Amino acid sequence: MNDHKTLVELQEIDSQIDALDYREANLAERDVYLALKDEVTKLEALYTSAAKKLREETALLKKHEDVLEGLNAKIAKEEKRLYSGTVTIPKELAGIQQELAHLKGQADNTELELLEQSEVVDGCKSDDKTISERLQKRTAERDAAKQRMEDELAQIASERDGWKVKREPVYAALSEDASRLYDKVRLKHQVAVTVLEGEICQGCRVDLPSIEADQIHESTKLERCSNCGRIFVKPTE
Ligand SMILES: [Zn+2]
């Protein structure tokens, strides 16, 4: 096989590999996965702060409950004293009644606070549930997206390995000069191999001078475009 035909074949294989590299670098599945991963991270932070708020508000509710319980115990105690018959001095009885009125006022206020705090806690619980459900849903979606991305990457890697195996004997079949030239041009152009149609380089679309074009058409060696440097091949030769 001559270098012209081999170069065409090698370029076709390398273009397949390049396309797979491009697909890998621009994987839509990766974008989907990364967006979901980001969202899950944000939801996790949101959930942590919602859970913290719920704990704090619940603790405050408990505090109000404890205060009310304490007040009710005091009220019960004072009422017992008042109606026990053991206290008979009117001044002392009036004192107990005054204390009871004061305690009941405090208990009423605490009950009101407790009621308001209950509503706050209910709101927190609802927020907590909403975030938790969203987090669960997004986490499942993220895991599925990760799987799809990994499947796609594995598929690309396997296809690329296949092309690399095919590439080896083709590259080895090139003459030393041709392989060196190809490697050099490939550093600059992904598509290193092109054809000269009439006087126009199909790689860079530049119209070459007639003399140069004629010379290239007549040559049996590997010639290059004086503008872009790509290698001209004549696959029919
Ligand atoms: Zn060119």
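The rules behind each value
- Residues numbered from 1 in each chain as written.
- Predicted model: local features only at pLDDT ≥ 70, side-chain atom pairs only at ≥ 80, totals over all residues.
- Domains from an automatic or database assignment.
- Pairing = 2+ DSSP bridges.
- Helix = DSSP H or I, 4+ residues; strand = E, 2+ residues; numbered from the N terminus.
- Axes fitted to C-alpha atoms, helices over the stretch in contact; angles between N-to-C directions.
- Parallel < 35°, antiparallel > 145°, perpendicular 65-115°, else oblique.
- Left-handed = near helix turned anticlockwise from the far one by under 90°.
- Core = buried A, V, L, I, M, F, W, Y, C linked by C-beta atoms within 7 Å.
- Buried ≥ 20, exposed ≤ 12 C-beta atoms within 10 Å, placed from the backbone.
- Contact = placed C-beta atoms within 7 Å.

> Honestly, the domain arrangement of the chain in this entry has me stumped. Any pointers?
Put simply, an interface is often sized by how much accessible area is lost when its parts join up. Entries for the chain in the domain assignment read domain 1 (13-172) and domain 2 (180-232). The straight-line distance from the C-alpha centre of domain 1 to that of domain 2 is 65 Å.

> Quick question: what am I supposed to make of the sheet that holds strand β1 (residues 193-194) here?
Two modes of strand pairing occur in sheets, parallel and antiparallel, and in both the strands are linked by backbone hydrogen bonds. Strand order in the open sheet formed by three strands is β1-β5-β4, and the pairing between neighbours is mixed. With partners counted over all chains shown, the strands left at the sheet margins are β1 and β4 (223-224), one partner each.

> Can you walk me through the packing of helix α2 (residues 28-84) against helix α3 (residues 90-173) in this structure?
When two helices pack together, their arrangement is captured by the angle between the axes and the distance separating the axes. Where α2 meets α3, the axes come as close as 5 Å, and the angle between the chain directions of the two elements is 165 degrees. In terms of their interaxial angle, α2 and α3 are classed as roughly antiparallel. In the crossing of α2 with α3, the sense of the turn from one axis to the other is left-handed.

> I'm lost on the nonpolar core in this one. Help?
The tendency in soluble globular proteins is for nonpolar side chains to be buried side by side. L7, Y182, A192, V193, I231, F232 and V233 are the most contacted members of the largest nonpolar core, which has 15 residues in total. Taken together, the elements giving at least two residues each to this core come down to α1 (3-25), α4 (176-186) and β5 (231-232). Examining the composition of this core, we find that three residues originate from one element, α4, more than from any other. Those residues in contact with I231, other than ones at most four positions away along the chain, are L7, L181, Y182, V185, A192, V193, L222 and R224.

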